[in-house]
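These are the residues of each chain, in order.
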Amino acid sequence: MASVTPPAQFAPPVAYNAESVRPAEAPARWELVSLMPAIEVHDLRKVFRIPRKDPGVAGAVKALFRPRFDEKVAVDGLSFTVQPGEMVGYIGVNGAGKSTTIKMLTGVLVPSGGSVRVLGRDPHQERVANAREVGVVFGQRSQMWWDLALTESLSLIAKIYEIPPARYRALLDQFAETLELNELLSVPIRNMSLGQKMRAELAATLIHEPRVVYLDEPTIGLDLIVKERIRDFIKEQNRTKGTTVILTTHDLGDIEELCQRVIIIDAGRIIFDGPLSTIKARFGKYREITFEVAAGAARLDLPAGVDVVRAEPRQLALRFDRTQATASQVAAAVMSQVEVRDFSLAEPDLSAIVKQIYNGALQEEAAA
Amino acid sequence: MITYLRRQASIYGAIAAIVPKRFLAFEIWFWVSLILGAIEMMILVFFWRAVYGQTATLGGLSLDQTLTYILLAQVFSALADQDLIWEFGFSLREGLIAHMLLRPVGYQTSYYVQALAGLGVRLIMQLPMALLATAAFGLRWPTDPAAWGAFLVSALLGYTALFFFHWILASLTFYTTEVWGLGVLVYGLTRFFSGGLMPLAIMPVWLRTLVLAIPFAQSLAIPLNFLSGITPVAEAPATWLGQLAWVIGLGVVSQLFFRVAVRKVTVQGG
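Right, let's walk through the structure included here. (Residues numbered from 1 in each chain as written. Chains lettered and ligands numbered in written order. Predicted model: local features only at pLDDT ≥ 70, side-chain atom pairs only at ≥ 80, totals over all residues. Heavy atoms only, no water.)

Brief notes about helix H11 (residues 327-335) of chain A
All names here are of chain A.
Phase 1: Every buried residue of H11 is accounted for by Val330, Ala331, Ala333 and Val334. Summarising the axial view, the buried residues of H11 lie within an arc of 160 degrees, below the 170-degree limit, and thus occupy one face.
Phase 2: Each element contacted by the buried residues of H11 is listed here: strand S10 (286-293), strand S11 (306-311), strand S12 (315-321) and strand S13 (340-346). (Buried < 20%, exposed > 50% of the residue type's maximum accessible area, 1.4 Å probe, protein only. Helix = DSSP H or I, 4+ residues; strand = E, 2+ residues; numbered from the N terminus. Arc of directions from axis to C-beta. Contact = heavy atoms within 4.5 Å.)

See below:
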């Protein structure tokens, strides 16, 4: 496989090797990876001018004659590169600049500074050519025609993207089966539930087989079953077609399920860019081990760095600092004192890790 | 070249084809617009009969000529209908513009074919109004095919010019992000200056000069003048050339205006 090294100016702030995050089961198309990165972002900036008005009618009248503006820096000097076929989680708190970045990557917003190249093109300057090769889900906005049945929306999209009829029928059958859309094809979008709409939205986004897909909160407000179906579908598209995926979400379960790499931004700046496994290894200091016990012990003698999270008559949950104790040491200590029927070890919780990072874990680590 | 044109026709034909489906999704719209149109037609006929009660001619037009013009203007009122300001405003407010800009089609062209399809649907929906104008108010339809030909070409050119003009005005919504005031103002100006309420010949000279210096009248008054016999068919080529100049001028300006305005797009929130 060709080695892909991003140009120095696109080097992410945290050392990151794209090879290390590629899934082992990557298919043939993955092997044909182009030397050109799918997405190159360099020193990207977006500043919004927001009108400032004093409160009340007097303030509104004053603003008519003397408008004043505040500048809000939404994205502040982002640089990163995404290789073809990567699935990257792009996360941050509300207002961190995630959606603004996605809109600049799609060409909808014009950057205030810096550059964006998607498949070698400037997405704003070359809007039509870019649009042919990308797909976008904005979780809170539908791209389909509100009054039309799903099948009519999809067929119009097929015409717009000039999908050959036979290919369209094959893809429609495939999507209808994977996303369980058969019963929805004749239903107008306005009559669909949130989960149905999102499944339809994914079909509409991927029916033209885009090389790059931006998923902006695709599972927002959905139940677990629909989430699972959508995640499976995205995984399958990536596996079979080598689709590059940028995923923004507040549901870190999506990231854990789908992404090998994560970019965390705060106040428009990247604070972490690297493999998910690294972030877990670096910041997932605590793990939880849960025991099903025959009877609870009155008092347990535990190794250093182990805390009791929950102690119930039939269940005991412990949290341990893996730098001070190993899982086997904890398990051995418990088993020597109580009768254990079963036990399970939970991986570090990504949401807790991200919370740690936002609370300054990166700076603390750097200081240490 | 032919293959390219065929492909484009297929894409934009599909985009235009959604318009009737969207109209038909709301049957109530048909009945409401029919009732309101009938009331307006009745009011205008009685108004002009009252005006002509004091005089035999106005601006050189007899009552019969004026009524023919007014009834035709009511039947073909769709020629002066443009929804661009409301559509832009809605798509900006709801953030739908993000999706529209992400389609691999000409943004303006896709709106234009939808506007043309919308015009077709509205004209068909006006058929009951044509029957009402004929049966209740004695509208005499022109029988000269040349007048119809001059009207059709002029209507297409005028509608296109008005589309580009509204496109420029709609692009202002990228800056104002508020459409209600602008939409109502432009609707009122279009209704009056398009010649939908009175023939241009009746207007005072200064007002007629002003109306002809702005594009509103190109879509309704100018084509209707052929159909109602106010402008002789012999003047058609000169009129078409004038309208073509409007189309080219406004088309170029609208594209430039949009190219600058779209850089102001702000789609807030996720």
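Quick look at the pattern of salt bridges
Phase 1: Scanning all chains against the criterion turns up 23 salt bridges over all chains.
Phase 2: With a closest N to O distance of 3.0 Å, Glu133 of chain A and Arg121 of chain A form a salt bridge. Here Glu133 of chain A is found in helix H4 (residues 127-133), whereas its partner Arg121 of chain A is found in the loop between strand S4 (113-118) and H4, with 12 residues between them in sequence. Exposure class is identical for Glu133 of chain A and Arg121 of chain A. Each is buried.
Phase 3: Where Asp81 of chain B meets Arg122 of chain B, a salt bridge forms, and the shortest distance between an N and an O atom there is 4.0 Å. Here Asp81 of chain B is found in the loop between helix H3 (63-75) and helix H4 (84-93), whereas its partner Arg122 of chain B is found in helix H6 (residues 107-125), with 41 residues between them in sequence.
Phase 4: The network of salt bridges with common partners includes Lys227, Glu228, Arg231, Asp251 and Asp254 of chain A. (Salt bridge = Lys/Arg side-chain N within 4 Å of Asp/Glu carboxyl O.)

Here's the deal with the sheet that holds strand S1 (residues 39-52) of chain A
All names here are of chain A.
Phase 1: Read from one edge to the other, the open sheet built from 3 strands follows the order S2-S1-S4, with strand pairing classed as antiparallel. Here the strands that pair on one side only, and so sit at the sheet edges, are strand S2 (68-82) and S4. Within the sheet, the average angular offset between the axes of one strand and its neighbour, ignoring direction, is 30 degrees.
Phase 2: Strand direction decides the pairing type here: S1 and S4, joined by 5 bridges, are antiparallel. From the neighbouring strand, Arg45 faces S4, where its bridge partner is Gly113.
Phase 3: On top of the sheet, helix H3 (residues 98-106) reaches S1, S2 and S4; it is set at about 120 degrees to S1, its chief contact. (Pairing = 2+ DSSP bridges. Axes fitted to C-alpha atoms, helices over the stretch in contact; angles between N-to-C directions.)

Observations regarding the environment of Ser171 of chain B
All names here are of chain B.
Phase 1: Structurally, Ser171 is set in helix H8 (residues 145-171).
Phase 2: Accessibility expressed as a relative area gives 0% for Ser171, which makes it buried.
Phase 3: The sequence separation of Ser171 and Ala136 amounts to 35 residues, and the corresponding C-alpha distance is 42 Å.
Phase 4: Side-chain polar atoms of Ser171 contact the backbone oxygen of Trp167, separated by 2.8 Å. (Polar contact = N/O pair within 3.5 Å; in protein donor to acceptor, adjacent residues only side chain to side chain.)

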